[in-house]
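Listed below are the residues making up each chain.
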Amino acid sequence: MKGILKNWHRYLLWLTVSFFFWAWIFTLITDAPAAKKLVLYADCPAMEREALDAALEADMPDTIRFMEARVFSDEMFQPSNLAAGDVYILSGQQIERYLPSCIPLPESAFPGRRLYEAEGKAYGVCVYDEGQGVAIGTKYVAYIPGETYYLFFNASSLHLGSWNGSPDDAAILAARAFLVLP
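For the structure given in this document, a descriptive report is provided here.

The rules behind each value
Residues numbered from 1 in each chain as written. Predicted model: local features only at pLDDT ≥ 70, side-chain atom pairs only at ≥ 80, totals over all residues. Heavy atoms only, no water. Helix = DSSP H or I, 4+ residues; strand = E, 2+ residues; numbered from the N terminus. Contact = heavy atoms within 4.5 Å. Areas by Shrake-Rupley, 256 points an atom, 1.4 Å probe, with all protein chains shown as cover. Buried < 20%, exposed > 50% of the residue type's maximum accessible area, 1.4 Å probe, protein only. Core = buried A, V, L, I, M, F, W, Y, C linked by side-chain atoms within 4.5 Å. Pairing = 2+ DSSP bridges. Arc of directions from axis to C-beta.

Attention shifts here to the overall build of the chain. What the chain contains, in helices and strands, is 5 helices and 9 strands. Written out in order from the N terminus, the α and β elements of the chain read α-α-β-β-α-β-β-α-β-β-β-β-β-α. Looking at the chain alone, contacts between residues at least 24 apart form 64% of all its contacts between residues at least 6 apart. Of the roughly 10600 Å² that the chain leaves accessible, carbon and sulfur atoms contribute 59%.

Structure (structure tokens):
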């Protein structure tokens, strides 16, 4: 018993090393490369991530292994991860900050939808505007009342198909699926 108590720090060290090793293995197994996953970031206080993932994964092509919805605050310590997102739901306060990394929408992409326009080009689709009666995805996304939110696409996404020459159009499919959510 004294031998165990005398060497407790060694056991703690090995326990810590073992924890990080298995966490790394778990990450390797459960994560996918950017070409095989679709990431949606939302600038909102809270989100039903698993439910939103499941709702959007139903329309994904076979090339996508999984869908991942995240809140901006998840990346507080690694803001560079936001650049790896495919679809953004941005509040009116964040649009100017992220607009340079977004791709303009083709004219016929979302007919009949209210769009965010800058410099004569449409960039985003309105998903929440309390004053105008637009409330898309409120079952999954907790929008801030009084704020207006738009859905944008990252220009460097690997899932925009003919919009940017990428291999699949999973981001567009996910956006269209999002736009019909309750």
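We now examine unusual backbone geometry. Of note in the backbone geometry, Glu119 takes a positive phi value of approximately 55° without being a glycine. Mapped onto the secondary structure, Glu119 falls in the loop between strand 5 (115-118) and strand 6 (121-129). Look at Glu119 and you get exposed, because its relative accessible area is 79%.

Quick look at the nonpolar core now. Core analysis: the biggest nonpolar cluster contains 39 residues, and Leu40, Leu52, Phe153 and Phe178 have the highest contact counts within it. The set of elements that each furnish at least two residues to this core consists of strand 1 (37-42), helix 3 (49-57), strand 3 (66-71), strand 4 (87-91), strand 6, strand 9 (148-153) and helix 5 (170-178). Ranked by residues supplied to this core, first place goes to helix 5 with 7 residues. Beyond its immediate chain neighbours, meaning those up to four positions away, Leu52 contacts Leu40, Met47, Ala69, Tyr140, Val141, Phe178 and Leu181.

To continue, consider the pairing of strand 5. Side chains Tyr116 and Ala118 project from strand 5 onto a buried face, and the interleaved Leu115 and Glu117 project onto a face without burial. Of the pairings in the sheet, the one linking strand 5 to strand 6 comprises 4 bridges and is antiparallel in character. Following the sheet pairing, Tyr116 is matched in strand 6 by Gly124. Linkage of strand 5 to strand 6, two consecutive antiparallel strands, is achieved through a turn of 2 residues, within which Glu119 is found at a positive phi near 55°.

This next bit is on helix 3. All of the buried residues in helix 3 are Leu52, Asp53 and Leu56. Seen end-on, helix 3 carries its buried residues on one side only, within an arc spanning 105°. Looking at the packing, one finds that the buried side of helix 3 touches strand 1, strand 2 (46-47), strand 3, strand 8 (141-142) and helix 5.

Further remarks concern the side chain of Asn154. For Asn154, the location among the structural elements is in the loop between strand 9 and helix 5. The contact partners of Asn154, leaving out residues within four places of it in the chain, are Ala83, Ala84, Gly85, Asp86, Tyr88, Ser101 and Leu160.

All right, on to the side chain of Glu68 then. Secondary-structure assignment places Glu68 in strand 3. Not counting the four nearest positions on each side in its chain, Glu68 is found in contact with Lys37, Leu38, Val39, Leu40 and Asp53.

With that out of the way, let us pick up the environment of Pro167. Position of Pro167 relative to the elements: it lies in the loop between strand 9 and helix 5. We classify Pro167 as exposed; its relative accessible area is 77%. A C-alpha to C-alpha distance of 8.8 Å links Pro167 and Ala35, two positions 132 residues apart in sequence.

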